Amino acid sequence: MNKLDFLIKNFIGIKILIALSLCFSICNCALAQSVLKPQITKVSAQYNAIEIAWNEVDGMEAYEIIVVGKKQHQYYIGNNHITLTEEIEPGVVYSIYIRGFTFDENEHSEQTSVCLLTPPLALPATTITSNSFTANWIRKQKIDEYYLYVATDSTFSQIIPQYNGIILKAATKKIENLIPDSLYYYRLKTIDLMGNEHFSNIMKVKTENIRYK
């Protein structure tokens, strides 16, 4: 092998090594970035509270949580879960942002977020007759993403087909074609962008007995 061939082969080998080194560096960098982002593991919302949890991030000592609804609130905690109750209202869209940080070096992790609509607050039924009643609830924002369920049992295993998750705009709904002197239950649901379902409280109502009218 002459000197020229030797130099060409070594030059190609060096280029391959450099390319492989860059590839490994990029992969390791991407892996490190993915580890540094909190991953949400639980989201649960009620009409007056939001519970959220996430995985702990290596190297981070605490977490910053920013909650944006009608107002903005900021929290700093040392664990990986929080129950939010301050100014949480029924039927309001909330955006929640989470990132880790260190105390001494002031380093931050990447930020993760979730957006959800809290379920309405179900209210007692009104205008009760032998075969109907009016379901009521409170919501603070007029968003067409509320689902109403009416059932004959408190576990909602026996849902009335025509009231199986109907989408509503108003804050009331007349429930008709019912059986006299019978118990019914209703609740509402919202779904966040992660696909989690959030249910309101359950209201019980009994239709009138026509024999005593």
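Residues numbered from 1 in each chain as written. Predicted model: local features only at pLDDT ≥ 70, side-chain atom pairs only at ≥ 80, totals over all residues. Heavy atoms only, no water.

(A) Summary view of the overall build of the protein. The helix and strand tally for the protein stands at one helix and 15 strands. With 213 residues in all, the protein has 38% of them scored as buried. Of all intrachain contacts in the protein linking residues separated by at least 6 positions in sequence, the fraction that spans at least 24 positions is 61%. Carbon and sulfur atoms form 54% of the exposed surface of the protein, whose accessible area is close to 12,700 Å². (Helix = DSSP H or I, 4+ residues; strand = E, 2+ residues; numbered from the N terminus. Buried < 20%, exposed > 50% of the residue type's maximum accessible area, 1.4 Å probe, protein only. Contact = heavy atoms within 4.5 Å. Areas by Shrake-Rupley, 256 points an atom, 1.4 Å probe, with all protein chains shown as cover.)

(B) Here's a closer look at the nonpolar core. Counting residues in each nonpolar core, the largest one holds 22 residues, and the members touching the most others are Ile50, Ile52, Trp54, Ile65, Leu84 and Ile96. Put simply, the parts of the chain that give this core at least two residues each are β1 (40–46), β2 (49–54), β3 (62–68), β4 (72–77), β5 (81–84), β6 (93–101) and β7 (112–117). Residues contacting isoleucine 96, with those up to four places away along its chain left out, are Ile50, Ile52, Ile65, Ile66, Val67, Leu84, Thr112, Ser113 and Val114. Counting residues in each nonpolar core, the second largest holds 19 residues, with Ala135, Tyr146, Leu178 and Tyr186 among its members. (Core = buried A, V, L, I, M, F, W, Y, C linked by side-chain atoms within 4.5 Å.)

(C) Representation of the environment of isoleucine 50. Tracing the chain through its elements places isoleucine 50 in strand β2. Residue classification places isoleucine 50 among the buried residues on the basis of a relative accessible area of 0%. Between the C-alpha atoms of isoleucine 50 and leucine 116, which are 66 residues apart in sequence, the distance is 9.5 Å. Aside from chain neighbours lying at most four places away, what touches isoleucine 50 is Ser44, Ala45, Ile82, Thr83, Leu84, Ile88, Tyr94, Ile96, Leu116 and Thr118.

(D) Spotlight on the packing of aromatic side chains. Scanning all chains against the criterion turns up six aromatic pairs. Ring centres 5.5 Å apart and planes at 85° place the aromatic pair phenylalanine 101 and phenylalanine 103 in the edge-to-face group. Judged by relative accessible area, phenylalanine 101 falls into the buried class, the value being 10%. Taking the relative accessible area as the measure of exposure, phenylalanine 103 reaches 59% and is therefore exposed. An angle of 45° between the planes, with centres 6.5 Å apart, marks the rings of phenylalanine 133 and tyrosine 184 as tilted. Highlighted residues: phenylalanine 133 in strand β9 (residues 133–138) and tyrosine 184 in strand β13 (residues 183–191), separated in sequence by 51 residues. Three or more aromatic residues joined by ring pairs make a cluster, and in this case those are Tyr76, Phe101 and Phe103. (Phe/Tyr/Trp six-rings, centres within 6.5 Å; stacked < 30°, edge-to-face > 60°.)

(E) View of the sheet that holds β3. Spatial ordering of the open sheet is given by β4-β3-β6-β7, a layout of four strands whose pairing is antiparallel. In this open sheet, the two strands that pair with only one neighbour each are β4 and β7. Neighbour-to-neighbour, the strand axes of the sheet open up by a mean angle of 15°, direction not taken into account. In terms of strand pairing, β6 meets β7 through six bridges, oriented antiparallel. Bridge pairing links tyrosine 97 to serine 113 in β7. (Pairing = 2+ DSSP bridges. Axes fitted to C-alpha atoms, helices over the stretch in contact; angles between N-to-C directions.)

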